[in-house]
Amino acid sequence: MRIGRAAGLTDTGRRRRQNEDAFVCDPPLFAIADGMGGAQAGELASRLAAAAIEEAASAVSDEEDVVGVVRAANALIFERSLHDPAVAGMGTTATVALVDERTELLTLAHVGDSRAYRYRAGGLEQLTTDHSLVAELVRSGRLTEAEAAVHPHRSVITRALGTEAEVEVDTRTVEVASGDLVVLCSDGLSAMVRDDEIARLIGASDRDPHAAAEALVHAANEHGGDDNVTVVVFELIEGEPAERDRHAAEATDGHPDPADPDDVTRESVLDDVNRHGAGKGSRWPALLLVLALLAIAAFAVWWSLVR
Ligand code: CA
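What this report covers is the structure whose coordinates are included nearby. (Residues numbered from 1 in each chain as written. Predicted model: local features only at pLDDT ≥ 70, side-chain atom pairs only at ≥ 80, totals over all residues. Heavy atoms only, no water.)

1. Topic: helix 2 (residues 63-83)
So, step 1. With 21 residues, helix 2 should reach 30 Å at 1.5 Å per residue; the first-to-last C-alpha distance of 31 Å fits that figure.
So, step 2. Within the sequence span of helix 2, burial applies to Val66, Val67, Val69, Val70, Ala73, Asn74, Ile77, Phe78 and Ser81. The arc that holds every buried residue of helix 2, seen down its axis, measures 165 degrees, which confines them to one face. Every exposed residue of helix 2 that faces more than 90 degrees away from the buried side is listed here: Glu64, Leu82 and His83.
So, step 3. Elements in contact with the buried residues of helix 2: helix 1 (41-56), strand 4 (91-92), strand 5 (94-100), strand 6 (105-111) and strand 9 (170-175).
So, step 4. Structurally, the start of helix 2 carries an N-cap: the backbone nitrogen of glutamate 64 is 3.3 Å from a side-chain oxygen of aspartate 62. (Helix = DSSP H or I, 4+ residues; strand = E, 2+ residues; numbered from the N terminus. Expected span 1.5 Å × (residues − 1). Buried < 20%, exposed > 50% of the residue type's maximum accessible area, 1.4 Å probe, protein only. Arc of directions from axis to C-beta. Contact = heavy atoms within 4.5 Å. Polar contact = N/O pair within 3.5 Å; in protein donor to acceptor, adjacent residues only side chain to side chain.)

2. Re the sheet that holds strand 1 (residues 2-11)
So, step 1. The sheet built from five strands is open, its strands ordered 1-11-10-7-8 with antiparallel pairing. Only two strands of the sheet have a single neighbouring strand rather than two, namely strand 1 and strand 8 (123-126). For this sheet, the mean inter-axis angle between neighbouring strands, taken without regard to orientation, is 20 degrees.
So, step 2. Bridge count for strand 1 against strand 11 (residues 229-237) is eight bridges, and the pairing is antiparallel. Within the sheet, the bridge partner assigned to aspartate 11 lies in strand 11 and is valine 229.
So, step 3. Along the sheet face, helix 6 (residues 195-204) touches strand 7 (115-120), strand 8 and strand 10 (181-185) and points at about 55 degrees away from the line of strand 7.
So, step 4. Against the sheet, helix 7 (residues 209-222) makes contact with strand 1, strand 10 and strand 11, and its axis sits at roughly 155 degrees relative to strand 11, the strand it touches most. (Pairing = 2+ DSSP bridges. Axes fitted to C-alpha atoms, helices over the stretch in contact; angles between N-to-C directions.)

3. Description of the coordination of the calcium ion
So, step 1. For the calcium ion, the protein coordination sphere consists of Asp34 (OD), Asp34 (OD), Asp187 (OD) and Asp227 (OD), at 2.3 to 3.1 Å.
So, step 2. Going along the chain, you hit the donors of the calcium ion in the pattern D-x152-D-x39-D. Taken as a pair, aspartate 34 in strand 3 (residues 29-36) and aspartate 187 in helix 5 (residues 187-190) lie far apart in primary sequence, 153 residues in all. Across the pair, aspartate 187 and aspartate 34 agree in class, each one buried. (Donors = N, O, S within 2.8 Å, 3.2 Å for Na, K, Ca; no water.)

Structure representation (structure tokens):
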């Protein structure tokens, strides 16, 4: 068994002005981080988590490593929030998935309410337990699933990365097989789109991770797009485990590496920018035009003086 195609996609949604989600899509390591804290803080927290996970990607090989990475990200965010009052109290979810192609095992480490699902034979199984207020009320029998789905405090999480010096990390290892797809997502998907519809959309995407990610993000927006929505989808296929030439500095945390044409994130981020007609990249053409006009003006002045 080996990892086949993989795709990551993030979208601001229809109601938020900023995207505080980040993701990592660096086979065999994948992750979602959903930041909180308002202003720039949530964005910073999720970016720091994604960057820390990304940086450690080449050194991660078992459950202990994955938990270590999550704890290191926690410490990094917490330290930063102590020294910068503007981002005090910031935090993020983190759901990290590591595939071992040889043992055919998927190891998950997670904090918060971002989810991991395994899609197999048309069915979808949630592999993570939400660390959220409503999920705890459902588990204790004080709320039904249906009540939880519309609860006004359904986005309140009970555990986050970066808000305390130490964090309790949930881990789980499950078997995976060729034919499975694994989906990681922020609550911007799972709060807007029911599990049975997620399964149906993956099935309708002909098992193509990129098409599935597009369809899921589209569905979240169709259902209101109340929150940032981020999806990572990858497939497991027949074949020999890949010999991976891991390069450490690859940027797949939502800040694309312009030198790497194969960067999955880059494609996704550009998709996102194109779709919304905005984003950090769109200022460059205007800036270049201004510089070109200034150069022409300077040349005209010089020419009028030397003539
Ligand atoms: Ca969210």
